[in-house]
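Structural description and commentary
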Amino acid sequence: MSKTTTSMEKVVALCKRRGFIFQSSEIYGGIGGFWDYGPLGVELKRNVRDAWWRDMVTGHDNTLAPEGAPSTFDMVGLESTIIMHPNVWKASGHFDLFYDLFVDCKTCKARFRADHVEGSQCPQKPSKGPGEHDACDLTDPREFNLMFKTFVGALIDPTAEVYLRPETAQGMFVNFKNVLSSSRVKVPFGIAQIGKSFRNEITPRNFTFRSREFEQMEMEFFCSPDSSQDWYTYWRDRRLAWYVSIGLDGENLRLREHGPSERAHYSCGTADIEYAYPFLPEGEFGELEGVSHRGDFDLRSHMEGKLIRDGDELVVEKNEHGQPRHPGSGKDLSYFDDATQTKYVPHVIEPAAGVGRTALALLCEAYDEDAIPDEKGEPQERVVLRLHPRMAPTKAAVFPLVKKDGQPEVAGEITRELRQRWNVFYDEKGSIGKRYRRQDESGTPFCITVDHQTIEDETVTLRERDSTKQTRVKIAELKSILSEHLDP
Ligand code: GAP
């Protein structure tokens, strides 16, 4: 189904109906920008995370340079805390610069992101844009820091103020030396982390796309300044290929290099991997992942203090006393390269992805409607989630055709056997057609049906979700057939 004809409302309705995504605290009216993942959603997200972690960390071979990579490299993982020392965010620049501009309406008290005023809706009736009613009274744009603030300890005063991290990346930068000294890694190497981040978005919107609590998959790749441009190209292309490998279509996916004016002040190159989400107008794409060449900005900031651009240079920002406005740690985060006998501050390439945005793109891509013949040969419309088998929350569903004649017992045995490796669902209630439809909507790639013939010859029907083709296979062969499609 073309993405222009997939309606977002249908995807959202399916997510609720089948237990992928619910509004947080729904029974209390919900809370904007927060989403819960239901029984199927939690499995989908786990599959996204596992695929990323395997691709980045556990599946990485540090003895061979992958195709396109300038050399071999090491990869390790990390889990840092959500609340960090407040100086981390001062040195990184988030305290001063991580804000959006917003506009308030003094009449109706609505708040809009300044860059979203056009295209937003004023809450007053009749339906018009902000500023278009006579009574509208919009303020000038004002700054709003996106970091959530809280307090550590019993004191509720400015000395106890801390922030929920708005990105996982800083955990990797401040642990650069710890990782280097505690593991056998050498530059070039990457530190990967998956975890929750929080941003007090002014206008959370488009289902889970812009949430206030979300999960990131970030990797900070430390390399020598000389090779950094080649590593940037390598990671940009490799990350794009990963999305194709988990089932996103080439047409709906694109890589977009930022022009110099769009880049952050420290960036030496940034590319977004984007997806044509169906809530966007035709021809528009939304960010799935950003891949940035960050130069030595991050490690230098945490050594020297908050950096600002001065012409071609990044220099420490000074206060009125000539001291660093936000001092760094003062620790030496440079690296001595044994091979070249040189000392340098490593450059960083950062692929930064969202678990929720990836899951949402997979759901939008997979949503389809078609018509298949029912038991009497009459065409029946169905909704089917054509998820890549590795991403599917449930890998197979096992059904006894009837609830007697020993069929439930055999189906139970098959389920127990397959569950040792995969998430497998057992269902004995309702007509077989309805059971198939429910699994089609859940994205389950295979259904296995036990019938009277099974009791005679130990074969079952294996039904494939996308084609609905049914084949007779031996119970003993099920594991190897499924493994072909489900294992990386
Ligand atoms: N450390 C760099 C960084 O955080 P980013 O582009 O702001 O870069 C990286 O975020 C990824 O995190 C985005 O590409 C997106 O997938 C996800 N993300 C960012 N803000 C989000 C939000 N409000 N809701 C959902 N996902 C978000």
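Residues numbered from 1 in each chain as written. Predicted model: local features only at pLDDT ≥ 70, side-chain atom pairs only at ≥ 80, totals over all residues. Heavy atoms only, no water.

1. Considerations on the packing of aromatic side chains
- All told, the structure shown has 23 aromatic pairs when counted by the stated rule.
- Summarising the aromatic geometry, the rings of F176 and F189 are spaced 5.9 Å apart at their centres and angled 10° between planes, so their arrangement reads as stacked. Here the residue F176 occupies a position in helix α6 (residues 176-182), and F189 occupies one in strand β9 (residues 189-198), the gap between them amounting to 13 residues. As far as burial versus exposure is concerned, F176 and F189 are alike and both buried. (Phe/Tyr/Trp six-rings, centres within 6.5 Å; stacked < 30°, edge-to-face > 60°. Helix = DSSP H or I, 4+ residues; strand = E, 2+ residues; numbered from the N terminus. Buried < 20%, exposed > 50% of the residue type's maximum accessible area, 1.4 Å probe, protein only.)

2. Here we look at the site of the ligand
- With respect to spatial proximity, 19 residues lie near the ligand, and among them E167, E201, S211, E218 and E287 are the closest.
- Note that a nitrogen atom of the ligand is positioned 2.8 Å from one of the side-chain N or O atoms of E201.
- Here an oxygen atom of the ligand sits 2.6 Å away from a polar atom, N or O, in the side chain of E287.
- Counting only elements with at least two residues in the shell around the ligand, the list comes to β10 (213-223), β13 (286-295) and β18 (347-354).
- Split into classes, the residues belonging to the shell around the ligand amount to six nonpolar, four polar and nine charged. (Near = heavy atom within 4 Å. Polar contact = N/O pair within 3.5 Å; in protein donor to acceptor, adjacent residues only side chain to side chain. Nonpolar A, V, L, I, M, F, W, Y, C, P; charged D, E, K, R; others polar.)

3. Re the nonpolar core
- If you look at the biggest cluster of nonpolar residues, it comprises 55 residues, and the most contacted ones within it are F221, W231, W235, Y243 and L288.
- Here this core gets eight residues from one element, more than from any other, and that element is helix α9 (residues 355-366).
- In contact with W235, other than residues within four places in its own chain, are M56, F73, M75, M219, F221, V291, I349 and P351.
- Counting 20 residues, the second-largest nonpolar core is a separate cluster that includes V76, F222, L299 and L333. (Core = buried A, V, L, I, M, F, W, Y, C linked by side-chain atoms within 4.5 Å. Contact = heavy atoms within 4.5 Å.)

4. Comments concerning the pairing of strand β14 (residues 307-310)
- Where β14 and strand β15 (residues 313-316) come together, four bridges link them in antiparallel fashion. Residue pairing for β15: L307 is matched across the bridge by V316.
- Linking β14 to β15, which pair antiparallel, is a turn of two residues; within it G311 sits at a positive phi near 65°. (Pairing = 2+ DSSP bridges.)

5. Points about the pattern of salt bridges
- Applying the stated criterion to the full structure yields 42 salt bridges.
- Residue K196 is joined to E213 by a salt bridge in which the shortest nitrogen-to-oxygen separation is 2.6 Å. Note that K196 is positioned in strand β9 and E213 in strand β10, a separation of 17 residues in sequence.
- On the basis of relative accessible area, E213 is assigned to the partly exposed category, the value being 30%.
- With a closest N to O distance of 2.8 Å, R382 and D370 form a salt bridge. Of the two residues, R382 is situated in strand β20 (residues 379-385) and D370 in strand β19 (residues 367-373); the sequence distance between them amounts to 12 residues.
- A residue is classified by how much of its surface remains accessible, and R382, at 3% relative accessible area, is buried. (Salt bridge = Lys/Arg side-chain N within 4 Å of Asp/Glu carboxyl O.)

6. Remarks on the packing of helix α2 (residues 39-58) against helix α7 (residues 228-245)
- The contact between α2 and α7 brings their axes to 12 Å, and the two run at 140°. Viewed along their axes, α2 and α7 form a crossing whose handedness is right-handed. Contacts between α2 and α7 involve V48, A51, W52, D55 and M56 on the former and, on the latter, W235, R238, R239 and W242. (Axes fitted to C-alpha atoms, helices over the stretch in contact; angles between N-to-C directions. Left-handed = near helix turned anticlockwise from the far one by under 90°.)

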